[in-house]
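Overview (structure and organization)
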Amino acid sequence: RAKHEGRGGYRFFEPAMDAEAQKRRQMELDLHDAITEGQLSLMFQPLFNLSESRVSAFEALLRWNHPVRGLVPPLDFIPLAEDTGLIIPIGDWVIREACRVACNWPEHVRIAVNVSPVQFRSPGLSAVILQALSETGLSPQRLELEITESLFIDNPETTLASLHSLRALGVRVALDDFGTGYSSLSYLRAFPFDKIKIDRSFIIDLLNNDGATAIIKSITTLAEALGMETTAEGVENAGQLDILREQGCSHIQGFYFSKPVHEAEVSTMLGMDAAEPARIAG
Ligand code: C2E
Ligand code: MG
Ligand code: MG
Ligand code: MG
């Protein structure tokens, strides 16, 4: 590790670096506790289907309630969880918890779960999904896995094989943050994703950049031709929504429609009776 910190490695011994390493080590220990002490929770952000004018899914978004630091956002601990392998038990928990919550929702409402590349490559993923589905009675087509383009960089063949075996379970697969990473059209042809999620960076540009509109147009045209849905991420205002609708985007997600909400607020949003007992599997 020290090798990467600077020529000769001596930077490793600078006090600042030492403090940084210690903080990281502490976070790692804390992250172990997060799982066992029940400090993890999920928020749910709706995806709105524009042609049906209704919510079609919620994305599960992970939160860590640290006893001292308070709420730690996912981007501040997921990289550490990936480096240490803790993302696998964490991700397993996310899948089980997401299915547990979603099995009480109306049939037409799906749950989308982010799957880290590290968890995606772990051999136990299919088994965890199968178990979560059978324990909750959630039908597989109501579970949508969100994966990112980075999976195609190192091992496209293995990634494709894994995608096909996940698809064989009946679950849906969405390509998240489309357009940010290693973008290649070849894997859109190689695997029939159910949905493409257009990264927020393209949506931000919509109101002040004609090029951004053209990009949205070409993504939605391509997706439609390939039989894939599109979700625009991070829609924050009516102006963006109008352009997205005009350019044929099928779904939107973002603060303009709703921020991520707690489990109880989902029921309200879906007009469900909160007292309705959980549906029992089998
Ligand atoms: P993502 O999968 O692209 O999720 C969308 C992120 O954009 C969420 O941030 C959401 O709160 C935020 N967002 C949604 N609408 C808007 C908007 O209108 N404006 C702005 N500024 N932001 C918006 P969050 O919850 O902080 O999650 C960040 C990232 O962390 C996610 O990006 C995903 O990559 C990762 N993540 C979250 N939960 C999980 C998880 O359970 N497992 C894994 N492996 N990664 C997760
Ligand atoms: Mg996502
Ligand atoms: Mg995304
Ligand atoms: Mg994103």
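Structure first, text after, so check above.
A few points on the structure. (Residues numbered from 1 in each chain as written. Chains lettered and ligands numbered in written order. Predicted model: local features only at pLDDT ≥ 70, side-chain atom pairs only at ≥ 80, totals over all residues. Heavy atoms only, no water.)

Turning to the coordination of the magnesium ion (ligand 3), a few remarks are in order. For the magnesium ion (ligand 3), every protein donor is listed as Asp176 (OD), Asp177 (OD) and Glu233 (OE), and the spread of their distances is 1.6 to 2.5 Å. The sequence motif formed by the donor residues of the magnesium ion (ligand 3) is D-D-x55-E. The distance between the magnesium ion (ligand 3) and the magnesium ion (ligand 2) is 3.5 Å, with Asp176 acting as a donor to both metals. Note on Asp176: relative accessible area 6%, which makes it buried. (Donors = N, O, S within 2.8 Å, 3.2 Å for Na, K, Ca; no water. Buried < 20%, exposed > 50% of the residue type's maximum accessible area, 1.4 Å probe, protein only.)

Now for the coordination of the magnesium ion (ligand 2). Looking at the metal site, the magnesium ion (ligand 2) is ligated by Glu59 (OE), Asn114 (OD1), Glu146 (OE) and Asp176 (OD), spaced 2.0 to 2.2 Å from it. When the donor residues of the magnesium ion (ligand 2) are listed from N- to C-terminus, their spacing reads E-x54-N-x31-E-x29-D. Owing to a relative accessible area of 32%, Asn114 belongs among the partly exposed residues under this scheme. Look at Glu146 and you get buried, because its relative accessible area is 1%.

Let us now look at helix α3 (residues 87-102). The end-to-end C-alpha separation of α3 is 22 Å, in line with the 22 Å expected for 16 residues at 1.5 Å each. Taken together, the buried positions of α3 are occupied by Ile87, Ile90, Gly91, Asp92, Val94, Ile95, Glu97, Ala98, Cys99, Val101 and Ala102. (Helix = DSSP H or I, 4+ residues; strand = E, 2+ residues; numbered from the N terminus. Expected span 1.5 Å × (residues − 1).)

Right, let's talk about the environment of Val173 for a bit. When you line up the elements, Val173 lands in strand β6 (residues 172-178). In this structure Val173 comes out as buried when scored by relative accessible area, which is 1%. Taking the C-alpha atoms as reference, Val173 lies 5.6 Å from Asp194; in sequence the two are 21 residues apart. Discounting chain neighbours no more than four positions away, the residues touching Val173 are Leu145, Ile147, Leu163, Arg167, Phe191, Phe193, Asp194 and Lys195. (Contact = heavy atoms within 4.5 Å.)

All right, on to the site of ligand 1 then. Residues in contact with ligand 1 amount to 22 residues; listed here are only the nearest, Arg63, Asn114, Asp176, Glu236 and Phe255. Note that a nitrogen atom of ligand 1 is positioned 3.1 Å from one of the backbone N or O atoms of Leu62. Between ligand 1 and the protein, one listed contact pairs a nitrogen atom with a backbone N or O atom of Ser116 at 3.5 Å. Elements with a minimum of two residues in the shell around ligand 1: β2 (54-66), α2 (74-84) and β6. (Near = heavy atom within 4 Å. Polar contact = N/O pair within 3.5 Å; in protein donor to acceptor, adjacent residues only side chain to side chain.)

Just distances and angles here, no functional claims.
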